[in-house]
Amino acid sequence: MRKTNTVDEQQSAASSGPVTRVFGIRHHGPGSARSLRAALEQFRPDAILIEGPADADPLVGYVAAEGMSPPVALLAYVPDQPAKAAFWPFAVFSPEWQALRYAVEHAVPVRFCDLPATTVLATEDEPGDRIDPLAELAAAAGYDDAERWWDAVVESVADTDAFEAITEAMGALREAAERGMTANPIEVEPGDTCEGPTHDQLQQERIAPDTVVGRAALGEAASENAPTGDTVGEAIGLEHAEREPLGIDTHTLRREAYMRQTMRKVLKEGARRVAVVCGAWHAPALAGKLGPATADTKLLKGLPKVKATVTWVPWTHSRLATTSGYGAGITSPGWYHHLFTETEQPIARWLTKVAGVLRAHDLPVSSAHIIESVRLADTLAVLRARPLAGLSEVTEAVRSVMCAGDETMLRLVASELVVGEALGAVPDGTPTVPLDADLRARIRALRLEQEALSRNLDLDLRKERGVERSRLLHRLRVLGIDWGTPTTGEVRSTGTFRESWTLRWRPEFAVAIIEASRWGTTIRTAAEAKILDTAGREGSTVGDLTDALEVALLADLGDATNGLITRLESAAALDHDVTHLLAALPGLTRTLRYGDVRGTDTEALAHVADGLLVRICAGLPGAVTGLDTDAAEHLRTQLDAAHTAIHTRDNDWATSEWLAALHRLADRDDVHGALVGRAVRLLADAGRIDETDSARRLSAALSIGNTAAAKAAWIDGFLGGRGLILVHDRELLRLIDDWLRGLGDDMFVEILPLLRRTFGAFESGERRAIGQAVRDSGSGASRTGEEAAFDIERGLVAMRTVADILGVPV
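Report follows, based on the coordinates. (Residues numbered from 1 in each chain as written. Predicted model: local features only at pLDDT ≥ 70, side-chain atom pairs only at ≥ 80, totals over all residues. Heavy atoms only, no water.)

## Here we look at the overall build of the chain
Here comes step 1: The helix and strand tally for the chain stands at 34 helices and ten strands.
Here comes step 2: Excluding contacts between residues fewer than 6 apart, the proportion of contacts in the chain whose partners are at least 24 apart in sequence is 76%.
Here comes step 3: Carbon and sulfur atoms make up 51% of the accessible area of the chain, which amounts to about 39200 Å² in all. (Helix = DSSP H or I, 4+ residues; strand = E, 2+ residues; numbered from the N terminus. Contact = heavy atoms within 4.5 Å. Areas by Shrake-Rupley, 256 points an atom, 1.4 Å probe, with all protein chains shown as cover.)

As structure tokens, then:
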């Protein structure tokens, strides 16, 4: 293995000319980060170049600012099109972040050297090489999992000498890619040996047989299933691919050309020891002599550009994970963070954390479990010739010892620890849009916390802080920033003075805030402007406007309320569809109700609600004529909602008008039975129809003149969802029982599905109570003209027994 120069040798070389060292790293690799930090301490550069957008250089000063806490990301966006954005994430274990920290701590000039965001955001396509270098090297080492290979040979061991070996390995892969080949192992037919390709085969592929691809970078530690051979390089078979050549992506070549141009500029400015930190795949293109700039200049000529703004934003571990869709993602950010931050006894400390997670979920895990898990993980590492137990070893130990083979609990550990969740933070002075600054100020004033994990929040609206928090969360939802989601709280409350939310902050909200900034500079003004714009669009229905008005009241958007009320009045006056008006009435009533709770003036809103109710009552007779079953059931649901809303409002005039309209509906015989039956039921619940009248109407509906389907529809409308009335009103139960018992076989089979749906909707307790009532009454109980037969002798025996118990002489 070729060793790096010592510090003395480097200084000697530096005296004769500039020295440039290229450190090929894996993004977000703790082993790379630790090795890079040590290598920088040895090399002591006077200039550092880092892969990242070149126009982010002014933001380097915030790296050491108070309040900066990884994970964070560079966010670049187009001011006029905030949705067009790009992120460059960094964790504390990212090599680039450690290079930034080193530069700031040692006052070393540092800059980003990749294509600027102005060019990246102007590119329409999604460039990317069609080769995964880590997968190729892992396959060469006999691993079927690139993550496990990298974790085994790089992340678990800090070695400053690995960078040159990685660069050389990547160089061999790039040469193969340029020829349209990959470094997959040659396929082995059954019966063949596991030895690598011969010297002649390698010569045919024009690859040197003594290549060090994987030899040093692989740590010379292949897995137990690795191919055997004189060198690891001999285990790599580069087969001709009879498919489309891979090559190097044009965008990648342009990025590397820009990096070389930046290197030339830094050297021209007088730097003597330049450290370049970049992805390992780019290292071969930057190492060695740079050569003339003509080719790079030509490659970069005419690149598109767009105006862009760059800033720092908080990030999370879960967004660093491969499962989030992040191209340079890793499978275990939580594990990598642990490896980087816990240098003393990392395995024992990790398994202690695992035990804590399992105990939090009521799984009995003792100290003995932890000790045995550590022993098993260390033993597995020894058997696999690993210097330190890796994620695969500790996972197997947890599965066997702590989880007893339970994959469900193991997935829990993977979610909460292996991936984990941590939300970074950026300093208050970080460049941002005014809307974001206002949001931060409101969050501090209301003592809320931005957290990556879900957290429940119960608000008491009788307290000023609870009301203000509620208003903020509702305003954010108007702006499309769903930090809070309304939920059913664990605190029991029967009134409207409590709200429950589930809070979870996500990194993409940074872009949503920028997008929302076009509506205003504060959260309140932006929400008012957006809700008015949305409600004013062509095609907004009465229901849409009612919903917007309800949200505006909850969010206390006073300047928007009057405009919404005016638009609602106009829309209601022009809308002749009673179903639309019925759909809007419950929301309008809720708005009135919340207005009372929050102390809002709702006089104008009450006027709109009254006008809406008048138009509903006037149009209801025409709306219920000639409906089929589906339309009738839909309208029945709207009647239920409107009835509940009107009674919730508790206004005598509104209640009287509504019940009068229902009474007119109940007296008609040309309306679908589901609607008539429901109108009778609602009137009975309100006390406008007594039990005798209800029974009379039911008896008339079950008369011979109606079809079986019409009778079943009337019963469904009357009873739907409310079965206890049959328990308490035995006359209604008797009428339905008599009707059912009198049906013929064919008729019973015809209406059975309808009745099954009606009775199947009752609660199980209601069905049991109805059955008990039928048994208590007997088949056909209460029917006149029938004499009950009594056994006098048995009655006398029972009376004598009772007299003996009570001591009463007979």
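## As for empty space enclosed by the protein
Here comes step 1: In this structure the tally under the stated criterion is one cavity of 30 Å³ or more.
Here comes step 2: Space inside the largest cavity adds up to approximately 50 Å³.
Here comes step 3: Put simply, the parts of the chain that give the lining of the largest cavity at least two residues each are α23 (578–597), α24 (603–623) and α25 (629–649).
Here comes step 4: Ranked by the residues each element gives to the lining of the largest cavity, the list is headed by α25, at three residues. (1 Å grid on protein atoms, 1.4 Å probe; cavity = no way out; pocket = protein on both sides within 12 Å on 5 of 7 lines; lining within 4 Å. Points joined across faces, edges and corners; volume = space filled by probe spheres on them.)

## Some details on unusual backbone geometry
Here comes step 1: For the peptide bond that leads from Pro 70 to Pro 71, omega is 5°, which places it in the cis range.
Here comes step 2: Residue placement: Pro 71 occurs in the loop between β2 (47–53) and β3 (72–78).
Here comes step 3: Its identity is not glycine, yet His 28 carries a phi of approximately 65°, on the positive side.
Here comes step 4: Take His 28: it is sitting in the loop between β1 (19–25) and α2 (30–43).
Here comes step 5: Even without a glycine there, the phi angle at Asp 556 is positive, about 55°.
Here comes step 6: Take Asp 556: it is sitting in the loop between α21 (542–554) and α22 (558–574).

## A look at the packing of aromatic side chains
Here comes step 1: Counted by the stated rule, this structure contains nine aromatic pairs.
Here comes step 2: Aromatic pair Trp 483 and Trp 505: ring centres 5.4 Å apart, planes at 85°, arrangement edge-to-face. Linking Trp 483 in the loop between α18 (464–478) and β9 (484–487) with Trp 505 in the loop between β10 (498–503) and α19 (509–516), this pair joins segments that are 22 residues apart in sequence. The pair Trp 483 / Trp 505 is uniform in exposure class, with both members buried.
Here comes step 3: A network of ring pairs unites the aromatic residues Phe 90, Trp 97 and Trp 312 as a single cluster.
Here comes step 4: For the cation-ring pair, Arg 174 lies above Trp 281, with the distance from its terminal atom to the ring centre recorded as 5.3 Å. (Phe/Tyr/Trp six-rings, centres within 6.5 Å; stacked < 30°, edge-to-face > 60°. Buried < 20%, exposed > 50% of the residue type's maximum accessible area, 1.4 Å probe, protein only. Lys NZ or Arg CZ within 6 Å of the ring centre and 35° of its normal.)

## A word on the sheet that holds β3
Here comes step 1: An order of β4-β3-β7 is seen for the three strands of this open sheet, with the pairing classed as antiparallel. Sheet topology places β4 (81–90) and β7 (309–314) at the edges, where each strand pairs with a single neighbour. Sheet twist, expressed as the mean angle between neighbouring strand axes with direction ignored, is 30°.
Here comes step 2: Here β3 runs beside β4; their pairing, made up of seven bridges, is antiparallel. Among the inter-strand pairings, Val 72 is bridged to a residue of β4, identified as Phe 90. (Pairing = 2+ DSSP bridges. Axes fitted to C-alpha atoms, helices over the stretch in contact; angles between N-to-C directions.)

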